[in-house]
Amino acid sequence: MKRKLSNLVRTGFYTEALSLFSKLHFQSHPVDEFTFPFLLKACSKLKLLPHGQILHAHLTKTGFNSDIYTATSLTDMYFKFQFMESALKVFDEITEPNTTLINVIVSGFSQNGYYKESLDIFRRVNSEYGLKPDSATIASLLSGCENDLKDGLQIHCWAFKIGVETDIYVATSLVTMYSNYKHPETASIVFKQIHNRNATCYNAFLTGLLQNRNFQPVLETFKQMLQSSDQNPNPVTFLSVLSACSDLKNLKFGTQVHVLLIKLNLVLNVLTGTALLDMYSKCGYWHWAHDVFKNLDGVRNLITWNSMISGMMMNGEIETAIHLFSMLGSEGFKPDSATWNCMINGFSHLGKTHESFLFFKKMLETGEPPSMKSITSLLSACASMFGFVSGKEIHGYVIRNGINHDEFVVTALVDMYMKCGRPSWAFLVFNNLEIKPSDPVIWNAMISGYGRNGEIESAFEMFDWMLKENVKPNSSTFNCLLSVCSHSGKVEKSLEILRMMKCYDLVPGSEHYGSVIDVLGRSGRIDEARGVLLEIPEVSGSVLASLLGASKFYSDTKTGEEMAKLLVELDPKSTLPFVVLSSIYAEKERWKDVEELRGEMDRRRLKKISGFSSVIVR
């Protein structure tokens, strides 16, 4: 009878197995303890908790509940129903647990989000019973290790100690853990130590590379997978690879993946098909994306439609995007939040502010709540067109819906009011935050906004306030401050701020040095500006042009010639260095040099763009 019950469960006939047990029980046929694990599994599969509790009562009555195998199945059943206390109670009644039971407890707590409890339980049984973990224990602990890297490192040490660190399941969990903690180098070391890698292992590594924005290694690892593994990539693999192609704008590799998808008969898979059309859209080949979309007819879902609409908007194909939006109902779909957001964000980024607001209002009429991204996108559009009134309307919606404390929304509001020339309104929004954010982004928006509106002292006061709140400034913070110094001519302050970056372990970049060079040049300290120029790791054309302009203003021929030469090397087709240097020579009445420059421009076939005026007639 036990064999018949187990066969029914193994073959998926859970209802029949429970019916057979009820019949036997009603006829007072004895059932041994080896049968109950199969019945408890049937209860879990059918989501029949009351039946499982009845079985538990029967087990207690017959004394089988102390059997280790039955207790393990009971514990597993209660975890699947998220009855944590009942599972723990069953476990506590076992005087001599084994590793299998420990694994059920550890994985049960981890899978239900109780990582701390799973680790505590493991430590307890390890000290009380001296049970050693196996690969399943380690993998279960790692799968929930998301709160503390120290715990993850300790588990890695346990894996190394018992010799399972290269086990495929353990190593895959380690790769995922290190990737989640932004340690892709360590994840890569673990991955390289794995022998006989399977598709799951490759997918974990590829996903980790992708989330850490290491796009090129995704393609290299994929090629390695094809060359050295007998494992065929699956849809999840292709999703990572096509996403990397999208970010790299690597159309050539993406089309090769398309050919492979056809070969493996996966091109009509909705997951890979959607990723494929998304890749073509982001590479600017919307015609090919649309062809893929049409070939997915019959299997595409709402995500596929949203990706196609977003792709059309991304490529400026507004009419096609609107047509697709109107055709959603033809396949029984209704626009969801993501669909509306595709339209709103698309119009905003294309500068079609009126249309984005129109779709925003239509969305609200349907009762669909806009995403934070849509709200910030609309606010950005208001800022770019100085849409103060429209921005206030969005602000009103934000307050009515209680999202006026969201950091992203507040930052967008601050930026909008600053760009609309309303710094006092921006300050009210910022000051309304009872707890000031520890992220420097919103502080940077306030600093740069004050600088843009000419309120220089307020910008520096905001920086001082930021430091008092123990908010650590980032590279962008100092860029904002140096920009304020540049526009206000504060030379000494800019040098002080540049030195201050080292106190926060920040290395100045080209933009930081460029602002300092600009303010030094415009104040006539040309030699100091040239000294700073030598410290820049990569000189940009704008920095050279700035110093060239300062050389002209202060009639510094030597520096002007030097900057012009560097600009020509950087951009041989630019007329700027010739025109400005010619003006410097003319001021010095060096007419021969002026003629030589004009001759050089003729030889290079460079023409100065004529000046023009524009008059708006109303």
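Residues numbered from 1 in each chain as written. Predicted model: local features only at pLDDT ≥ 70, side-chain atom pairs only at ≥ 80, totals over all residues. Heavy atoms only, no water.

The name an unreviewed UniProt entry assigns to the protein chain is Pentacotripeptide-repeat region of PRORP domain-containing protein, from the organism Lactuca virosa.

**Regarding the overall build of the protein chain**
Our working definition: Note on conventions: DSSP H or I runs of at least 4 residues are helices, E runs of at least 2 residues are strands, and numbering of each starts at the N terminus. Residue contacts are defined here by distance: any two heavy atoms, one from each residue, within 4.5 Å place the two residues in contact. Here, Shrake-Rupley sampling with a 1.4 Å probe gives the accessible areas, and only protein chains in the shown set may cover a residue.
Scanning the protein chain from N- to C-terminus turns up 36 helices and zero strands. Taking the intrachain contacts of the protein chain between residues at least 6 apart in sequence as the baseline, contacts between residues at least 24 apart amount to 60%. With the model as given, the accessible surface of the protein chain reaches about 32,400 Å², and the carbon-plus-sulfur share is 53%.

**A closer look at the packing of helix α21 (residues 337–349) against helix α23 (residues 372–384)**
Here is the rule we go by: Angular values range over 0 to 180 degrees, each being the angle between N-to-C directions of two axes fitted as lines to C-alpha atoms, with helices fitted over their stretch in contact. Any angle that falls under 35 degrees is termed roughly parallel, while one over 145 is termed roughly antiparallel, one within 65 to 115 roughly perpendicular, and all others oblique. Rotating anticlockwise by less than a right angle from the far helix to the near helix defines a left-handed crossing, while the corresponding clockwise rotation defines a right-handed one. Charged means Asp, Glu, Lys or Arg here, nonpolar means Ala, Val, Leu, Ile, Met, Phe, Trp, Tyr, Cys or Pro, and polar covers whatever is left, Gly included.
Contact geometry of α21 with α23 gives a least axis separation of 9 Å together with a crossing angle of 20°. On the basis of the axis angle, α21 is roughly parallel to α23. Crossing of α21 against α23: the hand is left-handed. Across the interface between the two elements, Asn-341, Ile-344, Asn-345, Ser-348 and His-349 from α21 touch Lys-373, Ser-374, Ser-377, Leu-378 and Ala-381 from α23. Per-class residue counts for the contact of α21 with α23 are three nonpolar, six polar and one charged.

**Here's the deal with helix α20 (residues 318–326)**
Under the convention used in this document: For every residue, the accessible area (1.4 Å probe, protein chains only) is compared with the maximum for its type, and the residue is labelled buried under 20%, exposed over 50%, or partly exposed between those bounds. Each C-beta atom gives one direction from the helix axis, and the arc is the one those directions make.
If you check which residues of α20 are buried, you get Ile-318, Ala-321, Leu-324 and Phe-325. The arc that holds the buried residues of α20, viewed along the axis, is 125°, so those residues lie on one side. In this structure, α20 carries Glu-319 and Ser-326 as exposed residues pointing more than 90 degrees from its buried face. Packing partners of the buried residues in α20 comprise α18 (286–295), α19 (302–314), α21 and α22 (353–366).

**Some points on the packing of helix α11 (residues 168–180) against helix α13 (residues 199–211)**
In contact at an axis separation of 9 Å, α11 and α13 are set at 5° when each is read in the N-to-C sense. Judged on the interaxial angle alone, α13 and α11 are roughly parallel. For the pair formed by α11 and α13, the contact residues are Ile-168, Thr-172, Val-175, Thr-176, Ser-179 and Asn-180 on the first element and Thr-200, Cys-201, Ala-204, Phe-205, Gly-208 and Gln-211 on the second. Residue classes in the contact of α11 with α13 are distributed as five nonpolar, seven polar and no charged.

**Observations regarding α19**
We count it as follows: Helix span is expected to be 1.5 Å times the residue number reduced by one.
Taking 1.5 Å as the rise per residue, α19 with 13 residues should run 18 Å; its terminal C-alpha atoms sit 18 Å apart, in good agreement. For α19, the tally of buried residues reaches 10 of 13 residues, placing the bulk of the element in the interior. Considered for burial, the residues of α19 that qualify are Leu-302, Thr-304, Trp-305, Asn-306, Ser-307, Met-308, Ile-309, Gly-311, Met-312 and Met-313. The inward-facing, buried residues of α19 contact α17 (270–282), α18, α20 and α21. Phi turns positive one or two residues past the end of α19, at Gly-316, with a value near 75°.

**As for the UniProt feature "repeat: PPR" (unreviewed entry) in the protein chain**
Basically, it comes down to this: UniProt positions are given in the numbering used here, feature names are shortened, and annotations may be inferred rather than shown by experiment.
Using the residue numbers shown here, the UniProt feature "repeat: PPR" (unreviewed entry) corresponds to residues 301–335, 336–370, 439–473 and 474–508. Summarising residues 301–335: 63% helix, 0% strand, and an end-to-end C-alpha distance of 12 Å. Between the end C-alpha atoms of residues 474–508 the distance is 11 Å, and the span holds 69% helix and 0% strand.

**A few points about the layout of surface pockets**
Empty space left among the atoms is revealed by rolling a probe the size of a water molecule over them. Test applied: Buriedness of a pocket was judged along seven lines, with at least five required to meet protein on both sides within 12 Å; pockets are open sets of points on a 1 Å grid over the protein atoms alone, cavities are sets where a 1.4 Å probe fits but cannot get out, and lining residues have an atom within 4 Å of a point. Grid points are joined across faces, edges and corners, and a volume is the space filled by probe spheres set on the points.
Considering only enclosed or pocket space, the largest pocket measures out at about 250 Å³ in volume. Around the largest pocket sit 13 residues that line it, and Ser-310, Asn-341, Cys-342, Asn-345 and Lys-373 are the ones nearest its centre. At the level of elements, α19 and α21 are the ones that each hand at least two residues to the lining of the largest pocket. Here the lining of the largest pocket gets six residues from one element, more than from any other, and that element is α21.

**Comments concerning the packing of aromatic side chains**
The condition is simple: Any two rings among Phe, Tyr and Trp, with Trp reduced to its six-membered ring, count as a pair given centres within 6.5 Å; such a pair is stacked if its planes are under 30 degrees apart, edge-to-face if over 60, and tilted if neither.
Applying the stated rule across the entire model yields 21 aromatic pairs. Where Phe-360 meets Tyr-397, the ring centres are 5.6 Å apart and the plane angle is 80°; that geometry is what we call edge-to-face. Taken as a pair, Phe-360 in helix α22 and Tyr-397 in helix α24 (residues 388–400) lie far apart in primary sequence, 37 residues in all. What makes Phe-360 buried here is its relative accessible area of 5%. Exposure remark for Tyr-397: the relative accessible area of 11% places this residue in the buried category. Measuring from centroid to centroid gives 5.2 Å for Phe-388 and Trp-425, while their planes differ by 80°, and the two rings are edge-to-face. With a gap of 37 residues between them, Phe-388 in helix α24 and Trp-425 in helix α26 (residues 423–431) connect regions that are remote in the sequence.

**Quick look at a nonpolar patch on the surface**
Inclusion rule: For patch detection, residues must exceed 30% relative accessible area and be free of salt bridges, and they are connected within 9 Å for like charges or within 5 Å for nonpolar side chains (Val, Leu, Ile, Met, Phe, Trp, Tyr). Salt bridge, as applied in this entry: a Lys or Arg side-chain nitrogen positioned within 4 Å of an Asp or Glu carboxyl oxygen.
Side chains of Val-236, Leu-239 and Leu-271 sit close together on the surface and give an oily, nonpolar patch of about 200 Å² of accessible area. As for its placement among the helices and strands, Val-236 is situated in helix α15 (residues 235–248). Looking at Val-236, the relative accessible area reads 40%, which means it is partly exposed.

**A short note on the side chain of Thr-304**
Inspection of the secondary structure assignment puts Thr-304 in helix α19. When neighbours within four sequence positions are excluded, Thr-304 is seen to be in contact with Val-270, Thr-274, Leu-277, Phe-293 and Leu-296.

**Considering the state of the cysteines**
Convention followed: Count a disulfide wherever a pair of cysteine sulfur atoms falls within 2.5 Å.
Inspection of every chain in the model, using the stated rule, returns zero disulfides. Cys-245 forms no disulfide, and the closest cysteine sulfur to it belongs to Cys-283, at a distance of 7.3 Å. Given the relative accessible area of 0%, Cys-245 is considered buried.

**Describing the environment of Asp-247**
Relative to the helices and strands, Asp-247 resides in helix α15. Contact partners of Asp-247, with chain neighbours within four places excluded, come to Arg-213 and Phe-215.

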